[in-house]
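Below, each chain spelled out in residue letters.
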Amino acid sequence: MFSVLFLLHVASVNCEPGQLLDVVVDRYDIPKFCPREVRTEDFIRYHFNGSFHAGGETFDSSHDRGKAYISQVGLGRLITGMDRGLLGMCVNERRKITVPPHLAYGSIGTGGVIPPDAVLVYDVLLLDIWNTEDKVQIRTLSKPESCNRTTAVSDFVRYRYNGTLLSGKGFDSSYMRNSTYDTYLGKGDLIKGMEEGLLGMCVGERRIIIVPPFLAYGETGYGTRVPPQATLVFEVLMVDVFNPSDDLISEVKEAPESCTRRTVTGDYIRYHYNGTFQDGTAFDSSYQRNRTYNTYIGKGYVIKGIDKALVGLCMGEKRRIIVPPHLAYGGDGVGDLIPGSAVLVFDIHVIDFHNPSDLVEIKVTHKPLECNTRSEADDLIQYRYNCSLMDGTLLYSSDHFDSPSITTLGASMVIMGLEKGLIGMCLGERREVIVPPHLGHGENGAGMVPGSAVLFFELELVELQKGVPEGYMFVWLDDSPEPLFPAMDLNGDKQVPLEEFSAFIMLQVKKGKGRLRPGVDANSIIEDMFKNQDSNRDGKIVEDELKLNTDEESEQVKRDEL
């Protein structure tokens with residue numbers, strides 16, 4: 001309303017003929033946005049060219065001096081015409097103020113520079129306005145939906161900013177240096193207005209902070225960049241905040257329904273993670289490498305905050321861990337990856353963990369009512385299985401093949417942990433078996449099995465053939481006949497050919513008195529046994545050739561006990 005009345009007043013003055021009675025204001029360049037106009041008692045900083053109305057000769061210029069003029073309006077510190085002509089002016093406005101002599105230097109003039117009765121014309125560019133009653137102005141541009149913490153005195157903050165004068169001229173920018181400005185709040189490291197303007201901010205919040213000169217650099221300014229008595233405008237983005245007293249924050253995001261065991265110091269853990277700063281900027285991810293991060297807990301192989309946070313976790317658990325810099329990489333950071341004094345946020349997913357002292361865990365999920373025989377070393381077994389990681393990822397399954405898997409227990413044909421899980425099973429029994437990596441595929445893994453992975457097996461024993469000790473092809477389950485040769489000589493002709501020998505052995509097996517090695521062709525075994533007894537290779541065994549192998553006679557790779 002003031003500016004409209006002022007313009008009407010100027011128009012009435014322009015209509016008067018003859019001598020000017022009041023100042024004439026020509027607002028020839030007005031900014032579109034004008035949040036504040038000059039009022040009486042305001043301080044202003046402005047550039048001007050002063051010239052005579054008659055002839056246009058310049059008598060003074062702040063531009064020529066290279067320094068803006070600073071004054072207070074309306075209290076007689078300027079000539080009356082300027083006190084009036086500057087009222088209602090906006091920052092970045094340009095106006096010509098024509099001042100009649102009686103509102104300037106009158107009939108006397110001044111110092112030989114301004115002659116008597118001179119009409120003066122001032123071409124003014126307003127750069128700044130402030131008042132001693134001004135306070136720091138804060139305008140929030142954007143704010144995150146979630147804000148668990150705001151900045152407070154004694155916090156350490158990292159923020160980006162653009163700094164301009166009230167006229168919009170830039171004087172500094174952290175963006176130009178591609179870095180944040182890092183400082184403590186409330187310790188006098190910043191100008192007073194900035195200390196105040198940064199309080200109560202959330203990470204990710206953007207603010208405009210307007211600081212009057214007396215809460216900024218005051219009368220001295222700051223070098224060549226900030227002139228004296230300059231209002232400063234900061235556009236700030238809060239990147240990070242922490243307090244030296246902060247501990248890590250661990251927040252459970254997802255917990256398994258059952259947790260029978262939690263991590264302890266000394267365990268070896270495999271986990272996936274995404275690492276970000278507090279503003280959400282990512283700096284690392286195990287998912288991008290398609291490989292878990294594997295480490296011992298409490299051995300100092302990871303930053304202190306993570307070492308501490310990894311204790312007490314369950315398999316399958318997901319947590320968010322916020323680590324202050326004094327428990328992370330401190331003031332130095334890590335090269336171009338982690339800035340100094342950065343708070344780190346880790347979203348982790350525990351895949352599995354184990355301890356080097358762990359044994360195989362066996363849980364029987366089904367047991368038949370009758371169990372007359374249990375699997376043991378040297379037995380030939382058929383079994384069905386599913387092999388998974390602890391997060392449920394299926395790696396292998398016997399269902400992918402035409403028939404169940406076959407192995408001889410004790411022959412090192414499967415990993416040690418699986419073999420332990422298959423020992424002592426009844427036919428038809430089902431088990432869940434957890435195998436630690438040192439009893440599985442170790443640090444290197446194998447095939448689809450990652451290094452240091454704990455394996456989960458679902459087992460079912462579907463067939464069991466009792467075996468014979470390593471190195472034997474046939475054993476007696478009872479005492480051998482005494483004397484042996486007459487028992488072998490089925491027709492009593494004092495000689496035993498291969499056919500008769502084979503019939504004798506198979507008869508012992510049928511009666512349950514002897515056992516052939518399972519999984520090997522019976523005819524081949526019997527033929528080898530016959531050759532071992534037929535020392536003269538004449539195709540028949542006589543009583544003098546017959547010998548009985550015992551456990552002490554272990555020189556043969558394959559032996560048969562008669």
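Fair warning: this is a prediction, and the values are worked out from it, not measured in the lab. (Residues numbered from 1 in each chain as written. Predicted model: local features only at pLDDT ≥ 70, side-chain atom pairs only at ≥ 80, totals over all residues. Heavy atoms only, no water.)

Right, let's get into a nonpolar patch on the surface. A grouping of Tyr329, Val334 and Leu337 is seen on the molecular surface, where their side chains present a nonpolar patch of about 240 Å² in accessible area. With respect to the element layout, Val334 can be found in the loop between β17 (318-323) and β18 (344-354). (Patch = residues over 30% accessible without salt bridge, like charges linked within 9 Å, V, L, I, M, F, W, Y side chains within 5 Å. Areas by Shrake-Rupley, 256 points an atom, 1.4 Å probe, with all protein chains shown as cover. Salt bridge = Lys/Arg side-chain N within 4 Å of Asp/Glu carboxyl O. Helix = DSSP H or I, 4+ residues; strand = E, 2+ residues; numbered from the N terminus.)

Tallied over the entire structure, the rule returns 27 aromatic pairs. Each ring, one from Phe171 and one from Phe234, has its centre 5.8 Å from the other, and the planes form 85 degrees; the classification is edge-to-face. Of this pair, Phe171 sits in strand β9 (residues 170-173) while Phe234 sits in strand β12 (residues 232-242), and the two are 63 residues apart along the sequence. The exposure class assigned to Phe234 is buried, which follows from its relative accessible area of 6%. Arranged with centres 5.7 Å apart and planes meeting at 55 degrees, the rings of Tyr271 and Tyr293 form a pair that is tilted. With Tyr271 in strand β14 (residues 268-277) and Tyr293 in strand β16 (residues 293-296), this residue pair connects regions lying 22 residues apart in the sequence. Given the relative accessible area of 5%, Tyr271 is considered buried. Its relative accessible area of 29% is what places Tyr293 among the partly exposed residues. (Phe/Tyr/Trp six-rings, centres within 6.5 Å; stacked < 30°, edge-to-face > 60°. Buried < 20%, exposed > 50% of the residue type's maximum accessible area, 1.4 Å probe, protein only.)

Further remarks concern the packing of helix α10 (residues 498-510) against helix α11 (residues 522-533). It is the contact of α10 with α11, at a shortest axis distance of 10 Å, that shows an interaxial angle of 120 degrees. If you check the angle between α10 and α11, you find them oblique. Relative to α11, the crossing made by α10 is right-handed. Listed contacts from α11 to Leu498, Phe501, Ser502, Ile505 and Met506 of α10 are Ile526, Glu527, Met529 and Phe530. Taken together, the residues that form the contact of α10 with α11 break down as seven nonpolar, one polar and one charged. (Axes fitted to C-alpha atoms, helices over the stretch in contact; angles between N-to-C directions. Parallel < 35°, antiparallel > 145°, perpendicular 65-115°, else oblique. Left-handed = near helix turned anticlockwise from the far one by under 90°. Contact = heavy atoms within 4.5 Å. Nonpolar A, V, L, I, M, F, W, Y, C, P; charged D, E, K, R; others polar.)

Time to look at the pairing of β18. Burial of β18 is extensive: ten of the eleven residues sit out of reach of the surface. Relative to β18, β14 runs antiparallel, the two being bridged by ten bridges. Among the inter-strand pairings, Phe277 is bridged to a residue of β18, identified as Leu344. Sheet topology places β17 next to β18; six bridges connect them, and they run antiparallel. Bridging across to β18, Arg320 finds its partner in Asp347. (Pairing = 2+ DSSP bridges.)

The subject of this paragraph is the confidence of the model for the protein chain. Counting all residues, the mean pLDDT for the protein chain is 91, and 94% of those residues have values of 70 or more. Ignoring residues within four places in sequence, the model shows residues 1-17, a span with pLDDT below 50, making 16 contacts including any to other chains. Confidence drops under a pLDDT of 50 for residues 549-560, and excluding neighbours within four residues, the segment shows 23 contacts in the predicted structure. (pLDDT = per-residue confidence, 0-100.)

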